[in-house]
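These are the residues of each chain, in order.
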Amino acid sequence: YKRQVITSTDERLSADVVVLAIPPPALDALLPNHWTAPDLAWAPIVGVNLWYDRMVFQGDMLAAIVDGEAMWLFNRTAILGQSGPEQHVAVSISAAEAVMDVPRAELASAVAAKIARALPAAGQARVLRSSVEKVRSATFVPAPGSATRRPSAVTPLANTFLAGSWTATGWPDTMESAVRSGHTAARLAQDFRTQSAGSIA
């Protein structure tokens, strides 16, 4: 049951068991003869990264609400164990259809202005640089009937398993769902190895 995986740099890796933790479009290209993509609707997420010349909030994470709009702010400087005086703040915008076509520089400026309104320290700080990442198919939409279309961790290939927040975890597309899927795939992989070793013995 040895499976060989070819990486993006053409490195060939052999393994008894493989766990694929990649999104459905990538699986389409990787397993064209063994995989049918689930019919799920997808929503975009936008990540805005701002580097301030000073600290604008403490702690790892903060939720800010401006004009009824909620934003999650992550203190990447603290999360990565770095020190100031600069602070890298990452802002996650879910269900971001309304801002997908906004130019990146314009969007970064608008987000910085909202943060300045919510956090006095940010209003006094200067944004040194910024970057914006847009992912159009970031999370699946848990619409009615979508649960039956989410695949399990088992694939048609005996020693190949799936992991991902979009698989059948019973949870919406969240970090918790991703962790649960990883645990399930790891358990199935371990069971497969144990059974294979027993059959050889």
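What you are looking at is a predicted structure, and each value in this text was computed from that prediction instead of being measured. (Residues numbered from 1 in each chain as written. Predicted model: local features only at pLDDT ≥ 70, side-chain atom pairs only at ≥ 80, totals over all residues. Heavy atoms only, no water.)

When you tally the buried positions in strand β7 (residues 87-93), you get six out of seven residues, the bulk of the element. In this structure, strand β6 (residues 69-75) lies alongside β7, joined through four bridges in antiparallel fashion. Within the sheet, the bridge partner assigned to Phe74 lies in β7 and is Ala90. (Buried < 20%, exposed > 50% of the residue type's maximum accessible area, 1.4 Å probe, protein only. Helix = DSSP H or I, 4+ residues; strand = E, 2+ residues; numbered from the N terminus. Pairing = 2+ DSSP bridges.)

In terms of nonpolar packing, the biggest core is built from 25 residues, with Val46, Val48, Tyr52, Leu73, Val91, Val111 and Ile115 touching the most fellow members. Of the residues forming this core, the biggest block, five residues, is contributed by helix α3 (residues 104-118). For Val91, the contacting residues outside a window of four places in its chain are Val46, Gly47, Val48, Met71, Trp72, Leu73, Val111 and Ile115. With ten residues, the next largest nonpolar core counts Val18, Leu31, Phe140 and Leu162 among its residues. (Core = buried A, V, L, I, M, F, W, Y, C linked by side-chain atoms within 4.5 Å. Contact = heavy atoms within 4.5 Å.)

Moving on, we get to unusual backbone geometry. Located in the positive-phi region is Asp10, a residue other than glycine, with phi close to 65°. Note that Asp10 resides in the loop between β1 (3-6) and β2 (12-15). For Asp10, a relative accessible area of 62% gives the class exposed. Non-glycine residue Ala95 carries a positive phi angle of around 45°. With respect to the helices and strands, the residue Ala95 is situated in the loop between β7 and α3. A relative accessible area of 54% places Ala95 in the exposed class.

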